Amino acid sequence: MTAMVTTDPFDGDKFREECGVFGLFGHPDAGAHTALGLHALQHRGQEAAGIVSFDGDHFHSHRSPGLVGDHFDNEDVIKRLTGTAAIGHVRYSTTGETLLRNIQPLFADLAGGGLAIAHNGNLTNAMGLRRDLEANGSIFQSTTDTEVIVHLIATGGRGTLIDRLIDALFQVRGAYALVLLTDQALIGARDPHGVRPLVLGQIDGAHILASESCALDIIGADFVRDIEPGEVVVIDRDGVRGLKPFGAAAPKRFCIFEYIYFSRPDSVVEGISVYETRKRVGAELAREHAAPADLVVPVPDSGVPAAIGYAEQAKLPFELGIIRNHYVGRTFIEPSDSIRHLGVKLKHNANRATIVGRRVVLVDDSIVRGTTSTKIVEMVRQAGAAEVHMRVASPPTSYSCFYGVDTPKREALLASQMDVNEMAAHIGVDSLAFISVDGMYRAMGEPGRDDARPQYCDACFTGDYPIELTDQNDGDDPAQLSLLAEIH
Ligand code: SF4
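Residues numbered from 1 in each chain as written. Predicted model: local features only at pLDDT ≥ 70, side-chain atom pairs only at ≥ 80, totals over all residues. Heavy atoms only, no water.

Undergrad: When you look at the sheet that holds strand β22 (residues 387-392) in this model, what are you seeing that I'm missing?
TA: Sheet strands associate in pairs through backbone hydrogen bonding, adopting either a parallel or an antiparallel arrangement. Read across the sheet, four strands follow the order β18-β21-β22-β24 without closing on themselves; strand pairing throughout is parallel. A strand with exactly one partner marks an edge of an open sheet, and here the two such strands are β18 (295-298) and β24 (431-434). Between one strand and the next, the sheet's axes are offset by a mean angle of 25°, whatever the strand orientation. As paired elements, strand β21 (residues 359-364) and β22 share six bridges and run parallel to each other. Residue pairing across strands places D364 opposite V392, the latter belonging to β22. Against the sheet, helix α10 (residues 304-314) touches β18, β21 and β22, its axis set at about 170° to β18. (Pairing = 2+ DSSP bridges. Helix = DSSP H or I, 4+ residues; strand = E, 2+ residues; numbered from the N terminus. Axes fitted to C-alpha atoms, helices over the stretch in contact; angles between N-to-C directions. Contact = heavy atoms within 4.5 Å.)

Structure below.
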């Protein structure tokens, strides 16, 4: 199949969650429900989607570049995904080609039977492991880090598949939320620090694993619990078994950026509402950094909950001073330069009647490269705003993520190159302020960051990486292996 360029050229100035996973065991509509679950997880990856089902005898697979709806709304595709168990995956990758064989779930015919695997996260020692496996004869089909786990299981000697999976998990480092499907069971696993999310749900007596609770809601399933950090959960005909192969040694370091931006606002993550958290971040931001302004305007859509919280705390009117066109962006494949130069205007338009002559507080979730912020500020000024004060609902993002989130190299992050005053001048605002790291933790219901034992992964703000970056420290290409797209 010919791969296509699907990167959205108008929305590239954000951190990007790389993947979402879903799995269902023991349900007659497993394939269709998995497609719906992937729909709800679409925000976690828009470049490709795949589902593998098992009908008791055979595995069935459909994997394609593009959005979930591009392929899995097709009745014929769903009809072919027969069986009562299925797993699915949505993927984001960097620009360029997304090869079919890199699209998950990956599938392998092992000596003990078929195995499908889908992964959210990124392994930080995958390149070294891959070199060792290749030196011992393993032949890789894809360029993803996830395949390293498959080969570790395949070459893992004796024992059950669960034993070999656990043995493989002891060898890999990094962040992972995995769903795996065998001819016997649906299996889920989270890394010992629990960096990436994974929840357990239930519908009609069948069990579900999903990256976020919003994927349970879409099929009318009940939330049961979060899979715990370091837990391997096995779902089969006998029910649900949670294994704790790593004990309780590793401190939990869940990704705090899931609350700031990645997760859907209607999800409840680790027992905490994403939407309510974002509002509290906005309120904390208003307490820390008041602005002399007439109204609060969110940068849509991700800045909306924080702007509501800011406006409530500051007792300022909340207004939709920027309107987003939801239908532009993905429709353009490789836009021409004549369209590209229009940039953010294709996606956002200032609501002139609301902001002309007013002092505006613009609230956004984050500043990455600063390119979009610069254009939005320019647009608001051109629409007649008297003053523009930007308030950002995350601390400055000064460091790259190596745990499954697509981030620019460090030197491309505006906050790694400039202090706040320089950034304000660069973006063209009258004032600029970010929530503090402690303020972000207070919004999470913590007294502040515990520097001796941080409660979350916050490495993109602090540079404090909770899991060793073995590949980077070994001098391997700092690109995350899971993000590599094959070149012709
Ligand atoms: S580095 Fe940032 S984006 Fe990456 S896992 Fe940690 S908090 Fe999340």
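Undergrad: I would appreciate a short explanation of the side chain of N120 in the present structure.
TA: On the secondary structure map, N120 appears in strand β7 (residues 113-123). Engagement of the side chain of N120 in a polar contact is seen with the backbone oxygen of C19, the distance being 3.1 Å. A polar contact is formed between the side chain of N120 and the side chain of R44, at a distance of 3.2 Å. (Polar contact = N/O pair within 3.5 Å; in protein donor to acceptor, adjacent residues only side chain to side chain.)

Undergrad: Sorry, what's going on with the pattern of salt bridges here?
TA: For the structure shown, the criterion picks out 23 salt bridges. Residue R359 pairs with D294 through a salt bridge whose shortest N-O separation is 3.0 Å. Pair noted here: R359 is in strand β21 and D294 is in the loop between α9 (274-288) and β18, with a separation of 65 residues, a long-range link. In this structure, R449 engages D464 in a salt bridge whose closest nitrogen and oxygen atoms are separated by 2.9 Å. (Salt bridge = Lys/Arg side-chain N within 4 Å of Asp/Glu carboxyl O.)

Undergrad: Would you explain the environment of R225 in this entry?
TA: Secondary-structure assignment places R225 in strand β12 (residues 222-226). The contact partners of R225, leaving out residues within four places of it in the chain, are V199, L200, E231 and V233. A polar side-chain atom of R225 sits 2.8 Å from a polar atom in the side chain of E231.

Undergrad: What am I meant to see in the packing of helix α5 (residues 146-154) against helix α6 (residues 161-171) here?
TA: How two helices pack is summed up by the angle between their axes together with the distance between the axes. Where α5 contacts α6, the two axes come as close as 8 Å, and the packing angle between them is 125°. Of the possible angle classes, the one that applies to α5 and α6 is oblique. As for the relative orientation of α5 and α6, their crossing is right-handed in sense. Across the interface between the two elements, I149, L152, I153 and A154 from α5 touch L161, R164, L165, A168 and Q171 from α6. Each residue belonging to the contact of α5 with α6 can be placed in one class, and the counts come to seven nonpolar, one polar and one charged. (Parallel < 35°, antiparallel > 145°, perpendicular 65-115°, else oblique. Left-handed = near helix turned anticlockwise from the far one by under 90°. Nonpolar A, V, L, I, M, F, W, Y, C, P; charged D, E, K, R; others polar.)

Undergrad: Which parts of the structure should I look at to understand the sheet that holds β7?
TA: Pairing is antiparallel across the open sheet formed by six strands, whose spatial order is β6-β7-β8-β9-β13-β14. Edge positions in the sheet fall to β6 (106-110) and β14 (239-243), since each of these pairs with one other strand and no more. Strand-to-strand, the axes of this sheet are offset by a mean angle of 20°, without reference to chain direction. By the bridge criterion, eight bridges tie β7 to strand β8 (residues 174-181) in an arrangement that is antiparallel. For N122, the partnering residue across the bridge sits in β8 and is A175.

Undergrad: Teacher, can you tell me more about the side chain of R164 here?
TA: Counting through the fold element by element, R164 comes out in helix α6. Notably, R164 is buried but unbridged: the nearest opposite-charge side chain belongs to D163, and the N-O separation is 7.4 Å. At a separation of 3.2 Å, a polar atom in the side chain of R164 contacts the main-chain carbonyl oxygen of I153. (Buried < 20%, exposed > 50% of the residue type's maximum accessible area, 1.4 Å probe, protein only. Lys, Arg positive; Asp, Glu negative; His and termini not counted.)

Undergrad: Help me understand the site of the ligand, please; the structure alone is not making it clear to me.
TA: The full set close to the ligand counts 13 residues, and R196, C255, C401, C457 and C460 are the nearest of them. Every element with two or more residues in the shell around the ligand is listed here: α8 (257-262) and α17 (459-462). Taken together, the residues of the shell around the ligand break down into 11 nonpolar, no polar and two charged. (Near = heavy atom within 4 Å.)

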